[in-house]
Amino acid sequence: HSQRAISDQTHWLAIALLYEELLRIAPSQGAAVSAAAAIGRARGSAVGLALLESLPAADVSAYQPYWAVRAHLLADLGRATEARAAYESAVGLSEDPQVRAYLLARSATLA
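Fair warning: this is a prediction, and the values are worked out from it, not measured in the lab.

Participant: Explain the packing of aromatic side chains to me, please; I cannot follow it from the model alone.
Facilitator: Note on aromatic pairs: each is described by the distance of the centres and the angle between the planes. A complete count under the given rule lists one aromatic pair for this structure. Consider the rings of Tyr-66 and Trp-67, whose centres lie 5.0 Å apart with planes at 90°: the pair is edge-to-face. As far as the burial class goes, Tyr-66 and Trp-67 line up, both buried.

Participant: Just to check I follow, could you spell out helix H4 (residues 45-53) for this structure?
Facilitator: Helical geometry: 3.6 residues make up each α-helical turn, so side chains three or four residues apart lie on a common side. Residues Ser-45, Gly-48, Leu-49 and Leu-52 constitute the buried set of H4. Seen along its axis, H4 keeps its buried residues to an arc of 100°; they face one direction. Among the structural elements, helix H3 (29-43) and helix H6 (64-76) are those in contact with the buried residues of H4.

Participant: Just checking my understanding: could you explain the pattern of salt bridges for this structure?
Facilitator: Two side chains of opposite charge can pair, provided their charged atoms sit close to one another. Applying the stated rule across the entire model yields four salt bridges. A salt bridge links Arg-43 to Glu-20; its shortest N-O distance comes to 2.6 Å. With Arg-43 in helix H3 and Glu-20 in helix H2 (residues 12-25), this pair connects stretches of sequence that are 23 residues apart. A salt bridge links Arg-79 to Glu-82; the nearest nitrogen and oxygen atoms lie 2.7 Å apart. What makes Glu-82 partly exposed here is its relative accessible area of 37%.

Participant: Would you explain the packing of H6 against helix H7 (residues 80-93) in this entry?
Facilitator: Packed helices, taken two at a time, are described by their axes: the angle between them and the distance between them. Where H6 contacts H7, the two axes come as close as 8 Å, and the packing angle between them is 160°. In terms of axis orientation, H6 runs roughly antiparallel to H7. As H6 runs across H7, the sense of the crossing is left-handed. Across from Gln-64, Trp-67, Ala-68, Arg-70, Ala-71, His-72, Leu-74 and Ala-75 in H6, the residues of H7 making contact are Glu-82, Ala-83, Ala-86, Tyr-87, Ser-89, Ala-90 and Leu-93.

Cut-offs used in this document
Residues numbered from 1 in each chain as written. Predicted model: local features only at pLDDT ≥ 70, side-chain atom pairs only at ≥ 80, totals over all residues. Heavy atoms only, no water. Phe/Tyr/Trp six-rings, centres within 6.5 Å; stacked < 30°, edge-to-face > 60°. Buried < 20%, exposed > 50% of the residue type's maximum accessible area, 1.4 Å probe, protein only. Helix = DSSP H or I, 4+ residues; strand = E, 2+ residues; numbered from the N terminus. Arc of directions from axis to C-beta. Contact = heavy atoms within 4.5 Å. Salt bridge = Lys/Arg side-chain N within 4 Å of Asp/Glu carboxyl O. Axes fitted to C-alpha atoms, helices over the stretch in contact; angles between N-to-C directions. Parallel < 35°, antiparallel > 145°, perpendicular 65-115°, else oblique. Left-handed = near helix turned anticlockwise from the far one by under 90°.

Here you go:
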């Protein structure tokens, strides 16, 4: 991400590849959700969403970043109703008022 300050571009494919390697050597819930976000940017939101949906529901049901990433990917795919529901879940799981406000604002932009 640091190169964006210089180039005004984010190299999502490179970031996705780094997350894939991180998952290989040190798998974690956070890395899996972050990888889905990066892969969604690099290879398409449908691919990122498929990765999210492959995670065990019991592991992510109360994990706020999962719901925020899911909402973003669904919104990118034009699935506004599902995206709003995911944003609501993310808001409900967030303890930070600024994060809640950001997520609510994102949800409000959906058609």
